[in-house]
There are 2 protein chains.
Amino acid sequence: MINKQLLQPESIVVIGGSNNVHKPGGTVVRNLLSGGYEGTLRVVNPKEDEVQGIKAFHDARELPPTDLAILVVAAKYCPDYVELLAKEKQVRAFIIISAGFSEETHEGALLEQRILDICDQYCCALIGPNCIGLLTRWHHSVFTRPIPNLNPKGVDFISGSGATAVFILESAVSKGLQFNSVWSIGNGKQNGIETVLEYMDEHFDAERDSLVKLLYIENIADPDKLLYHATSLIKKGCRIAAIKAGSSQAGSRAASSHTGAIASSDSAVEALFRKAGIVRCFSREELTTVGCILCLPPLPQREGGLNFAIVTHAGGPGVMLTDALSKGGMNVPPLTGPVAEELKEKLLPGSSVANPIDILATGTAEHLGIAIDYCERMEDIDAIMVIFGTPGLVKIFEVYDVLHKKIQECKKPIFPILPSVSTAGPEVQEFLKRGHVNFCDEVTLATALTQIMKTPAPAEQNVVINGVDVPQIRRIIDGIEDDGYILPNLVHELLSAAGIPTVPEFVSADKDEIVAFAERVGYPVVVKVVGPVHKSDVGGVTLNIHSQQVLSAEFDRMMQIPDATAVMVQKMIRGTELFIGAKYEPRFGHVVLCGLGGIFVEVLKDVSSGLAPLSYEEAYSMIRSLRGYKILKGTRGQRGINERKYAEIIVRLSTLLRFATEIKEMDINPLLADGDDIIAVDARILVEK
Amino acid sequence: MINKQLLQPESIVVIGGSNNVHKPGGTVVRNLLSGGYEGTLRVVNPKEDEVQGIKAFHDARELPPTDLAILVVAAKYCPDYVELLAKEKQVRAFIIISAGFSEETHEGALLEQRILDICDQYCCALIGPNCIGLLTRWHHSVFTRPIPNLNPKGVDFISGSGATAVFILESAVSKGLQFNSVWSIGNGKQNGIETVLEYMDEHFDAERDSLVKLLYIENIADPDKLLYHATSLIKKGCRIAAIKAGSSQAGSRAASSHTGAIASSDSAVEALFRKAGIVRCFSREELTTVGCILCLPPLPQREGGLNFAIVTHAGGPGVMLTDALSKGGMNVPPLTGPVAEELKEKLLPGSSVANPIDILATGTAEHLGIAIDYCERMEDIDAIMVIFGTPGLVKIFEVYDVLHKKIQECKKPIFPILPSVSTAGPEVQEFLKRGHVNFCDEVTLATALTQIMKTPAPAEQNVVINGVDVPQIRRIIDGIEDDGYILPNLVHELLSAAGIPTVPEFVSADKDEIVAFAERVGYPVVVKVVGPVHKSDVGGVTLNIHSQQVLSAEFDRMMQIPDATAVMVQKMIRGTELFIGAKYEPRFGHVVLCGLGGIFVEVLKDVSSGLAPLSYEEAYSMIRSLRGYKILKGTRGQRGINERKYAEIIVRLSTLLRFATEIKEMDINPLLADGDDIIAVDARILVEK
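Position numbers for residues count from 1 along each chain, tracking the sequence in the order it is written. The order in which chains are written sets their letters, starting at A; the order in which ligands are written sets their numbers, starting at 1. Local features in a predicted model are, by the rule used here, given only for residues with pLDDT of at least 70; side-chain atom pairs are given and counted only at 80 or more, and totals for whole chains, interfaces and linings are based on all residues. Note: side-chain values were computed over all heavy atoms of the structure, leaving out hydrogens and water.

As recorded by an unreviewed UniProt entry, chain A carries the name Acetyltransferase and is attributed to Prevotella communis.

The structure is reproduced here in structure tokens:
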């Protein structure tokens, strides 16, 4: 729960506030004072009469009614304070900075639970315990530094780790990134990252609120809530970027299917971010750079990648920036024609207008302004990047003044790249003070832009159920009694119920029935043993059987394989091998993978992932992000596959999974694409109830 | 040419030195003075009697003999000054900062040539023109700022762009990277990046010299010289890292072969760097981070990737660092057993020793020291990373003092990651002043380490000619009269001369001869039209011909195809498709590409490149760096290929090319690997004389 007392308290009491500014009790008071808190600030300290100029109460019982309490006392004292303050002093919001709770011991966890119970009883908001606090424009209730510049249109930042939040702020401050709020959720006993986002979503005001949210996540406790509110905020016009630390930890569950082996728990995060439209970042530097970009005016959309103009007074960084942008699928188009010629006339002799526009090391503030004006007018240019440092000859206040004015005047986003942060330190600081950001390394900027560009829009959340027989799916699943891989005929029935085409097949332990089926569908056929999981390894798959004699002999042989219970016969078909798999990830739901079959999946790991249920758009985006997509389109004289049908099967499968959460792992491998048809040839489904 | 007068001048004159420290003439004098130049400093300025406290000569003719002259006057005056000084004043080294030469106009190029001629005549060293100068511990002859800390064991930095050098220094200064020398070569009229490296190589003194060289390159004028001296320096114990800007520019020459289409001019750079063992960087940030890493004690080698211990007082950065290291093929192995338990005892309750070793936000300098000591003693740990910032509560001089001592004491490299560059600014600066570096973003560090780790050792430069019939190769090449794709029989002869196995084949326009050949080698056979370049597109390839009738009919059909001059018949063989290609890159020589054939080359662009001639080691390294390498090793029950034979063919082909530089493009596509054999099935060779 988040309430007005937390966000806009009329009064704040710091329990354990002190004069020692080398301890949290002292620094939180110092930060509240230096942050200009306008309400009534109180302190409880049994040993002091006055703390940093504020009257100190010796006992919390002496306090008048107060809105928000910040606790900086030992963990064991916290529950009693919370109870007293909530019950007798009308405190309705708590920020508990103290550590020593569930993160350390079982006793601590019990203390934490008692605090939560009291807060719930009195409808109090609770931040922490074990956090650095909450920083807003209203009150600086954190004990740490740095304090970044605050601005209603700065970013909202929610962090699952206090120390990491501090280090992210360090990285942000040097770039000039401004903040609207900083939330350190600590142990997140009542409010986690998801609930803060929920609050921001449900109270969203496009006029007043910040449009950029940055998240540092160590653990996604409630993926559905994160997905729902992130998607909702983005659809309302926000942009969200996040680090999810721990991407290298392989899933701990032993994997028995192909999909199980390929899908790590990180695939689920990847799929969730893609579905929500969250920009994924992997470092503090990247997150704060992405934050700076998202605070600039929005970039337009352009088929084939955005077009940038680079205005620079040094060749090298312009070239490195061009390299990095084009690696990321963006363009630095050559500028030619009369307008370019006209611009060249107005710059110093030797300047280049080819793009990068090099106004030379001797180029002045005036030349910079002229070049920017031309770029602003050029139709094919979507945004302007300006590289301007100093070799230490002159102060460049004038140059950055022009840049400041142009950023205000121009409609196109302008990216300032000011590399001389040491030599032109005061000038860069002055520029940042005017509310601008600085990307001091051009390639870091381009890499962050690439991450933003490749993040899709949030997916529609509709479940496509047209042609999916949900009651039949439930009947089949409900009828399964034992956990494990289900029988081929049930696999077949489930896929049919979802409207996924399957190759005609028949399972029996009776040789005559098998032969009769083969005669009916026509040779060649394939036979596979039923029972063993890894059929190929035990000689349980024979392709391309052309006669009754061979079929009969193979039947006899396979029935001798240990664990064989029956034999399956299928019409043999050929085509391009495709793959679809899915794995149930606790809390996230089903992660669906698709790719080309065979070596593409097993050796090259060329798969895309999505979180079920999937829309057609998501399925297309998954297919198109495969490295081998060109093969699906058709290459080297080979006809391509029917992409629409492939997408349809992915969507249908995801719907099937939506209504059969008991399916823990499955793969259809291969699906064969032959002409306009795509047919599931082999599939395995693991059910656990 | 580089000489003692340039490096250790007894006297320096600044022609155009002035009192205006907003102009190069003023700043270069200022920098020389503040750099504590100990020789005699003179200034020529017609309008001043004294410049920044130095007596100014009104006319250069009044000067006494001087070693080094720095010119900061208009381009048009430079040649006369150079002549006067070289002829009459015994000046034997020039640094020409002035611009307005070949980079701007034809007239400028003529002035530049005149300067070079005079320098050559009098054996003078020349740096520039159009540069920021030369910065050494002896003299600070640059006009720019910042001036980094100088140290004989700091890096040598050679830059092809002055402004970019300045911005790289900005990035270096904030990390504490120290320099031994900074060379801005400007237009490089006499000394380019290659000649500076040559000098460093030829005068190398392992005791006195810096072991780390950083390069910023815009144009590789002499690839052979760069390769030779870079390799030589690295073999003597140096490490070299470089940016080559302009990697996205596609080769401008129209490509007619597969190889031509895949190999960009950047492939040649990539191949050259790999051969020399140069660490390739793509941004200023990456270059300076790599520079900092290379200045630490050398990392050992370990099969399966290095093992790092991470000591941190904050969880998040430790996890992000672990993610990034493991993405780069390095390890953060779990620490267990009695030693780990013992360490845990000595840290605060709640600390983790699992690695990352989390000593908690309340961990002290003492805890840090203890944790480092344990890591130093653990056998499986190769290096230690320490993450320590501050939430702004206390100054952390004491912590960084312990870190300083441990870095001096420990044998293992210690990487300091100090993120609080703003809040703990003075402490970080104090730490840097003691000669240390700081990696302020842990993921940037891990990415730079990955670049270093994946750079191979320099290749042996031996040409393998065993079994390559060089005279025969020359006879064939010399006998070719017309430029263009050469006839199949010549292709066959060239490959045979290089000892590359080819499939039996026969070319003729006579049907009886074709049929007789097929009968002799046995069916099935393949026929291909001779004449058209893109055979498949015109129906000029038929596989799997089993009878004389079909062969005869196909012969007749193919001879009707426009441009058909003959038909080639080959024994049909099957196997895993491989690919080898080569392209001649002006100045670099032949870039050789290898990969799996078909879609792997054409769709997935999964190729490795190397620069001819290639050693066996290089060929193995190329093969093993393919994404599809596992397929070559054998997968899914398929037998692998004979890797040694594939490497041998790559080496033999590279030797062939070494002696046949007239070959501009070629590909062997496919090579078929069948069992232990690998045989060239189809090849095309473009010769231009």
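Time to look at the domain arrangement of chain A. As annotated, the domain borders come from an automatic or database domain assignment. Taken as a whole, chain A is organised into domain 1 (4-130), domain 2 (140-294) and domain 3 (308-436). On a C-alpha basis, the centres of domain 1 of chain A and domain 3 of chain A stand 50 Å from each other.

Right, let's talk about the packing of aromatic side chains for a bit. Residues and elements named next belong to chain A. We call Phe, Tyr and Trp rings a pair once their centres come within 6.5 Å, taking the six-membered ring for Trp, and we label the pair stacked below 30 degrees between planes, edge-to-face above 60, and tilted otherwise. According to the stated counting rule, one finds 11 aromatic pairs over all chains in the structure shown. Considering the side-chain rings of F506 and F517, the 5.4 Å spacing of their centres and the 15° angle between planes classify their relative orientation as stacked. With F506 in strand β20 (residues 505-508) and F517 in helix α19 (residues 511-521), this pair connects stretches of sequence that are 11 residues apart. Given the relative accessible area of 25%, F506 is considered partly exposed. Secondary structure elements follow DSSP: runs of H or I of four or more residues count as helices, runs of E of two or more count as strands, with numbering from the N terminus. A 1.4 Å probe rolled over the protein chains alone gives each residue an accessible area, and that area as a share of the maximum for its type sets the label: buried under 20%, exposed over 50%, partly exposed in between.

The transform that puts chain A on chain B rotates by 180° and translates by 0.0 Å along the axis, for an RMSD of 0.0 Å. Such a combination of turn and shift is consistent with a two-fold rotation axis. The contact definition used throughout considers only heavy atoms, calling two residues in contact when any of these lie within 4.5 Å. In this assembly, 99% of the residues forming the interface of chain A have copies in chain B that are likewise at the interface, indicating an isologous arrangement. A residue counts toward the fit only if its pLDDT is at least 70 in both copies, and the copies are then superposed by least squares on the C-alpha atoms of those residues.

This brings us to the pattern of salt bridges. It is possible for side chains bearing opposite charge to pair when their charged atoms get close. Take a side-chain nitrogen of Lys or Arg and a carboxyl oxygen of Asp or Glu: if they are within 4 Å of each other, that pair is a salt bridge. Counted by the stated rule, this structure contains 60 salt bridges over all chains. Here E442(B) and R284(A) are joined by a salt bridge, their closest N and O atoms 2.7 Å apart. On the criterion of chain membership, the pair formed by E442(B) in helix α16 (residues 442-453) and R284(A) in helix α10 (residues 284-294) is interchain, its members lying in two chains. The exposure classification of E442(B) matches that of R284(A), with both residues buried. A salt bridge links E285(B) to K175(B), with the nearest nitrogen and oxygen atoms 3.0 Å apart. Placement of the pair is E285(B) in helix α10 (residues 284-295) and K175(B) in the loop between α5 (162-173) and β11 (179-184), with a sequence separation of 110 residues. Shared partners join several salt bridges into a network, and the residues in it are D80(A), E83(A) and R114(A).

This part covers the sheet that holds strand β14 (residues 279-281) of chain A. Residues and elements named next belong to chain A. Each pair of strands is called paired provided DSSP finds at least two bridges between the two strands. Taking strand neighbours across the sheet as the criterion, the seven strands line up as β9-β8-β11-β10-β12-β13-β14 in an open arrangement whose pairing is mixed. The sheet terminates laterally at β9 (140-142) and β14, the two strands that pair on one side only. Across the sheet, the mean angle separating the axes of adjacent strands is 20° when strand polarity is ignored. Where helix α6 (residues 193-202) meets the sheet, its contacts fall on β10 (150-159), β11 (179-184) and β12 (212-217), and the angle it forms with β10 comes to roughly 150°. Comment: axis = line fitted to C-alpha atoms, over the contacting stretch for helices; angle = value between 0 and 180 degrees taken between N-to-C directions.

This paragraph deals with the interface of chain A and chain B. In this assembly, 70 residues from chain A lie in contact with 70 residues from chain B. Here chain A and chain B share an interface that buries about 5,200 Å² over both sides, 59% of which is from carbon and sulfur atoms. Counting the contacts that link chain A with chain B gives two salt bridges. Only α2 (24-34), α5 (162-173), α10, α11 (315-327), α16 (442-453), α21 (599-602) and α23 (629-633) of chain A provide two or more residues apiece to the side of chain A that touches chain B. Of the residues contributing to the side of chain A that touches chain B, the split by class is 30 nonpolar, 24 polar and 16 charged. Here the buried area means the combined drop in accessible surface, using a 1.4 Å probe, for two parts upon being joined, counting both sides. Each residue is assigned to one of three groups, with Ala, Val, Leu, Ile, Met, Phe, Trp, Tyr, Cys and Pro labelled nonpolar, Asp, Glu, Lys and Arg labelled charged, and all others, Gly among them, labelled polar.

All right, on to the packing of helix α17 (residues 470-479) of chain B against helix α18 (residues 488-497) of chain B then. A pair of packed helices can be characterised by two numbers: the angle between their axes and the separation between those axes. Residue and element names in this part refer to chain B. Running from N to C, α17 and α18 cross one another at 160°; their axes reach a closest spacing of 9 Å. As summarised for this structure, α17 and α18 are arranged roughly antiparallel, according to the angle between their axes. The chirality of how α17 crosses α18 is left-handed. Residue-level inspection shows Q472, I473, I476 and I477 of α17 in contact with α18, the latter providing L490, E493, L494 and A497. For the contact of α17 with α18, the class distribution of residues is six nonpolar, one polar and one charged. Every angle not falling under 35 degrees, over 145, or within 65 to 115 is termed oblique; those three ranges are roughly parallel, roughly antiparallel and roughly perpendicular. What makes a crossing left-handed is the near helix being turned counterclockwise from the far one by less than a right angle; a clockwise turn instead makes it right-handed.

UniProt positions are given in the numbering used here, feature names are shortened, and annotations may be inferred rather than shown by experiment. In the numbering used here, UniProt assigns the "domain: ATP-grasp" (unreviewed entry) feature to residues 492-528 of chain A. Taken as a whole, residues 492-528 of chain A contains 46% helix and 22% strand, while its terminal C-alpha atoms sit 14 Å from one another.

Right, let's get into the state of the cysteines. All names here are of chain A. For the purposes of this analysis, a disulfide is any pair of cysteine sulfur atoms at a distance within 2.5 Å. Scanning the model with the defined rule gives zero disulfides over all chains in all. Cysteine C124 is unpaired, with the sulfur of C119 as its nearest cysteine sulfur at 5.0 Å. Free cysteine: C410, not disulfide-bonded; nearest cysteine sulfur from C375 at 9.0 Å. Owing to a relative accessible area of 10%, C410 belongs among the buried residues under this scheme.

A few words on the pairing of strand β23 (residues 566-571) of chain A. Residues and elements named next belong to chain A. Most of β23 is tucked away: five of the six residues are buried. Sheet topology note: the β20/β23 ladder contains four bridges and is antiparallel. Bridge assignment links S508 to a residue of β23, and that residue is V567. With six bridges connecting them, strand β21 (residues 525-530) and β23 associate as antiparallel partners.

Quick look at the side chain of D441(A) now. Structurally, D441(A) can be placed in the loop between α15 (425-433) and α16. As used in this structure description, the phrase polar contact means that two N or O atoms lie within 3.5 Å; if the pair is within protein, one of them must be able to donate a hydrogen and the other to accept it, and residues adjacent in sequence are counted only when both atoms belong to side chains. A distance of 2.9 Å separates the side chain of D441(A) from the side chain of T444(A), its partner in a polar contact. Setting aside anything within four residues of it in sequence, one finds D441(A) in contact with S283(B), R284(B) and E285(B).

All names here are of chain B. Within the fold, V402 resides in helix α14 (residues 397-409). Measuring from C-alpha to C-alpha, the distance between V402 and A365 comes to 6.3 Å, with 37 residues separating the pair along the chain. Contact partners of V402, with chain neighbours within four places excluded, come to A365 and G369.

All names here are of chain B. Read from one edge of the open sheet, seven strands run β9-β8-β11-β10-β12-β13-β14, paired in mixed fashion. Both outer strands of the open sheet, β9 (140-142) and β14 (279-281), are each paired with one neighbouring strand and no more. With direction set aside, neighbouring strand axes in the sheet form an average angle of 20°.

We now examine the environment of A309(A). Residue and element names in this part refer to chain A. With respect to the helices, strands and loops of the structure, A309 is situated in strand β15 (residues 308-312). Look at A309 and you get buried, because its relative accessible area is 0%. Here the alpha-carbon distance between A309 and D382, two residues 73 residues apart in the chain, equals 7.9 Å. Apart from residues lying up to four places away in sequence, A309 is in contact with N355, C375, I381, A383, I384 and M385.

Residues and elements named next belong to chain B. The interhelical angle for the contact between helix α11 (residues 315-327) and α16, taken along N-to-C directions, is 20°, at an axis separation of 9 Å. Accordingly, the angle class assigned to the pair α11 and α16 is roughly parallel. When you trace α11 past α16, the crossing you get is right-handed. On α16, the residues that touch P317, M320, L321, A324 and L325 of α11 are E442, V443, A446 and L449. Of the residues in the contact of α11 with α16, the class split is eight nonpolar, no polar and one charged.

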